[in-house]
Amino acid sequence: MPTIAAILQKRWPTLLRIRKSPLRRRRAWPGGGASAFPTTPDANPRTEPALWSPSAAPDVIIITTADSAETVPLPPGFEPLTAATTPTEQHLVIARDTARLRLCVRFEPTNYTRCLIIPHDECAALRLAATARYERVTCGLRLGPDRAGAPSAYRRSRLVELLAIHDGLDAGSSVRDLAYSLVFTRHVPLVGATWKGSDERRHTLRLIAAARRLVNGGYRKLLRHR
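To start, this report covers the structure provided alongside it. (Residues numbered from 1 in each chain as written. Predicted model: local features only at pLDDT ≥ 70, side-chain atom pairs only at ≥ 80, totals over all residues. Heavy atoms only, no water.)

1. So, the overall build of the chain
The helix and strand inventory of the chain stands at eight helices and five strands. Reading the chain from its N terminus to its C terminus gives the helix and strand order α-α-β-β-β-β-β-α-α-α-α-α-α. Counting over 226 residues, the chain shows a buried share of 35%. Per element, the accessible surface of the chain, about 13900 Å² overall, is 55% carbon and sulfur. (Helix = DSSP H or I, 4+ residues; strand = E, 2+ residues; numbered from the N terminus. Buried < 20%, exposed > 50% of the residue type's maximum accessible area, 1.4 Å probe, protein only. Areas by Shrake-Rupley, 256 points an atom, 1.4 Å probe, with all protein chains shown as cover.)

2. Focus on the side chain of Glu89
In this fold, Glu89 is placed in strand β3 (residues 89–96). Look at Glu89 and you get buried, because its relative accessible area is 18%. Of note is the side chain of Glu89, whose polar atom sits 2.9 Å from the side chain of Arg106. Here Glu89 is in contact with Ala84, Cys104, Val105 and Arg106, once residues within four sequence places are set aside. (Polar contact = N/O pair within 3.5 Å; in protein donor to acceptor, adjacent residues only side chain to side chain. Contact = heavy atoms within 4.5 Å.)

3. Considering the pattern of salt bridges
Between side chains of opposite charge, a pair can form as their charged atoms come close. For the coordinates displayed, the defined rule picks out five salt bridges. Notably, a salt bridge pairs Asp121 with Arg127, separated by 2.9 Å at the nearest N-O pair. With a relative accessible area of 32%, Asp121 lands in the partly exposed category. Sharing partners across several salt bridges, the network here consists of Glu122, Arg224 and Arg226. (Salt bridge = Lys/Arg side-chain N within 4 Å of Asp/Glu carboxyl O.)

4. Some points on the pairing of β3
With respect to burial, β3 is a largely interior element, seven of its eight residues being buried. Pairing between strand β2 (residues 79–85) and β3: six bridges, direction antiparallel. Counterpart to Thr82 in the pairing with β3 is Val93. Linking two consecutive strands that pair antiparallel, namely β2 and β3, is a turn of three residues. In terms of strand pairing, β3 meets strand β4 (residues 99–107) through eight bridges, oriented antiparallel. Its bridge partner lying in β4, Gln90 is registered against Val105. Between β3 and β4, which pair antiparallel one after the other, the connecting turn spans two residues, and Asp97 there sits at a positive phi close to 55°. (Pairing = 2+ DSSP bridges.)

5. Some remarks on the nonpolar core
Within soluble globular proteins, side chains that are nonpolar tend to cluster in buried spots. In terms of nonpolar packing, the biggest core is built from 23 residues, with Trp52, Leu162, Ile165, Leu182 and Val183 touching the most fellow members. Contributing elements (two or more residues each) for this core: α4 (153–171), α5 (175–183) and α7 (199–218). Setting aside chain neighbours within four positions, we find Leu162 in contact with Leu207, Ala210, Ala211 and Leu214. Counting 14 residues, the second largest nonpolar core, distinct from the first, contains Ile63, Ile94, Tyr134 and Val137. (Core = buried A, V, L, I, M, F, W, Y, C linked by side-chain atoms within 4.5 Å.)

6. Looking at the sheet that holds strand β1 (residues 60–65)
Pairing between the strands of a sheet is mediated by backbone hydrogen bonds and can be parallel or antiparallel. The sheet built from five strands is open, its strands ordered β2-β3-β4-β1-β5 with mixed pairing. One side of each edge strand has no neighbouring strand; the edge strands of this open sheet are β2 and β5 (115–117). Strand-to-strand twist in this sheet, taken as the mean axis angle between neighbours without regard to direction, amounts to 25°. (Axes fitted to C-alpha atoms, helices over the stretch in contact; angles between N-to-C directions.)

7. Re the packing of aromatic side chains
Evaluated as defined, the whole model comprises one aromatic pair. Here the aromatic rings of Tyr180 and Trp195 are separated by 5.7 Å at their centres, their planes lie at 55°, and the arrangement is tilted. With a gap of 15 residues between them, Tyr180 in helix α5 and Trp195 in helix α6 (residues 192–196) connect regions that are remote in the sequence. The burial state of Tyr180 is the same as that of Trp195; both residues are buried. (Phe/Tyr/Trp six-rings, centres within 6.5 Å; stacked < 30°, edge-to-face > 60°.)

8. Side note on the environment of Leu159
Position of Leu159 relative to the elements: it lies in helix α4. What makes Leu159 buried here is its relative accessible area of 17%. Along the sequence, Leu159 and Ala211 sit 52 residues apart, while their C-alpha atoms lie 8.4 Å from each other. Leaving out residues up to four positions away in the same chain, Leu159 has contacts with Leu214 and Leu222.

The following block contains the structure:
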């Protein structure tokens, strides 16, 4: 699947002429996302995935142990891809080939038995499925792709389009530039009053509103497979 950068390079040459800061700004997502851990917005999610709170992402497997979090053995063949540690928890994304697992290891000295915790909430079924996948690999069994959590090809294309629109807004592009560079690429650009009253303008404004909702918190629906 082509990366967002490749799509932008092909479909949005106007953005390539805008200078961007070479600094890699780090920030933490607000609210119930990965707020405990700073993330790089332009990081490659395949090699530098974000660390998410189990309350926001039901695919995160919660493990409690009386030992130090660093001593918890990983499933066979898995290696840490990224990790962060607090005084009471260690968060990891572990990988084997293309398979990924997200762990939240909680250090509880009074708990003498290592446990898998599944909060009983609206995402309990997703948490059960994630825990079953973890149990499968700890037994040395093969872990196939999690197709239930993957968006469809159409939805991936729509998400890429919305993120590109949001990037364009940040870069200073006008609504008309976005319309004819990203959305209506085969249309003849309209001007003046014709453009202001056009369906193309109204549709682009709706996409801009959807892009802002996605970036301002709508992405959390993806974590819940919605």
